[in-house]
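Coordinates in review
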Amino acid sequence: RGWNSGSCARCRRRSQWLPLLGSGLAVGSPPPTWIRRRIVGVLCNARNALYVLGPGPGELSAGGDLATCYSVCSEALQLDSSNAELIELRDKAFQVLESRRREEELRSLMQRLLAAAKDSLQRGRFRAAQRDLTALLELDADHAEACRLLAEAESQLALARQKNFRLAKLAAVAVLTVSV
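This report concerns the structure included in the present document. All values reported here derive from a predicted model rather than from experimental measurement.

Moving on, we get to the overall build of the chain. Within the chain, the regular secondary structure consists of 6 helices and 2 strands. Shown N-terminal to C-terminal, the secondary structure of the chain runs as helices and strands in the order α-α-β-β-α-α-α-α. In the chain, buried positions account for 29% of the 180 residues. Here the analysis covers contacts within the chain between residues at least 6 apart in sequence; of these, 54% occur between residues at least 24 apart.

Following this line, the structure appears as structure tokens:
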């Protein structure tokens, strides 16, 4: 039977995690039989926490309670540090948790850059908006709103340059007129 199939009583009680009792054990010593049995139950719970049934029959996908899987496996590894399946499940849970953390940080950074760019546009600080939007587009080149706002900022910068050029020409004409 596959993981998460409900083939044992412990699988059916997914929310009730088995407590790990490690009192009186020497670290690194092989675990006694009762602990090995308990670790089998922990493995069952860790699998249930890490994996949920995928879209197809027999398919599994990492989408369960990853933090619980990680902590349960870490706790069980204190009792049996050589259990390869516990190590594998803990490492898989950590990889997915770490990946999700990085994705959340990236999302947060992109939201801050977009908010700063919008604020700069409203205040007429088009260079600052251009800088923030360019940084955002380096992270996500397909960000439609950032593309639109960058075009707007660059358009406003071009208008400002034209205005400054016209003012410079008028100032030059005024200086020449006064000097003649």
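And the narrative resumes.
Taking 1.5 Å as the rise per residue, helix α5 (residues 126-139) with 14 residues should run 20 Å; its terminal C-alpha atoms sit 20 Å apart, in good agreement. Burial in α5 covers these residues: Phe126, Ala128, Ala129, Asp132, Leu133, Leu136 and Leu137. Each buried residue of α5 sits inside an arc of 165° when the element is viewed along its axis, so together they form one side. Exposed and oriented more than 90 degrees from the buried face of α5 are Arg127, Arg131 and Glu138.

With that settled, the discussion passes to the packing of aromatic side chains. For the coordinates displayed, the defined rule picks out 1 aromatic pair. With a centroid separation of 5.9 Å and an interplanar angle of 40°, the aromatic rings of Tyr70 and Phe94 are classed as tilted. Of this pair, Tyr70 sits in helix α3 (residues 66-79) while Phe94 sits in helix α4 (residues 84-122), and the two are 24 residues apart along the sequence. Using a relative accessible area of 30% as the deciding quantity, one classes Tyr70 as partly exposed.

Now for the nonpolar core. Membership of the largest hydrophobic core comes to 14 residues, with the highest contact counts inside it found for Leu114, Leu121, Leu133, Leu136, Ala146 and Leu149. If you list the elements that add at least two residues to this core, you get α4, α5 and α6 (144-179). Excluding its chain neighbours within four sequence positions, the residues that come into contact with Ala146 are Leu133, Leu136 and Leu137. The next biggest cluster of nonpolar side chains, apart from the first, holds 13 residues, and it includes Ile39, Ala46, Val72 and Cys73.

Bringing the side chain of Ser120 into the picture now. Among the structural elements, Ser120 can be located in helix α4. Classification of Ser120 by relative accessible area gives buried; the value is 5%. Ignoring anything within four residues of it in the chain, the contact list for Ser120 reads Arg125, Ala128, Ala129 and Asp132.

Each value, and the rule that gives it
- Residues numbered from 1 in each chain as written.
- Predicted model: local features only at pLDDT ≥ 70, side-chain atom pairs only at ≥ 80, totals over all residues.
- Heavy atoms only, no water.
- Helix = DSSP H or I, 4+ residues; strand = E, 2+ residues; numbered from the N terminus.
- Buried < 20%, exposed > 50% of the residue type's maximum accessible area, 1.4 Å probe, protein only.
- Contact = heavy atoms within 4.5 Å.
- Expected span 1.5 Å × (residues − 1).
- Arc of directions from axis to C-beta.
- Phe/Tyr/Trp six-rings, centres within 6.5 Å; stacked < 30°, edge-to-face > 60°.
- Core = buried A, V, L, I, M, F, W, Y, C linked by side-chain atoms within 4.5 Å.

Take it as geometry only, folks, not as evidence of what the structure does.
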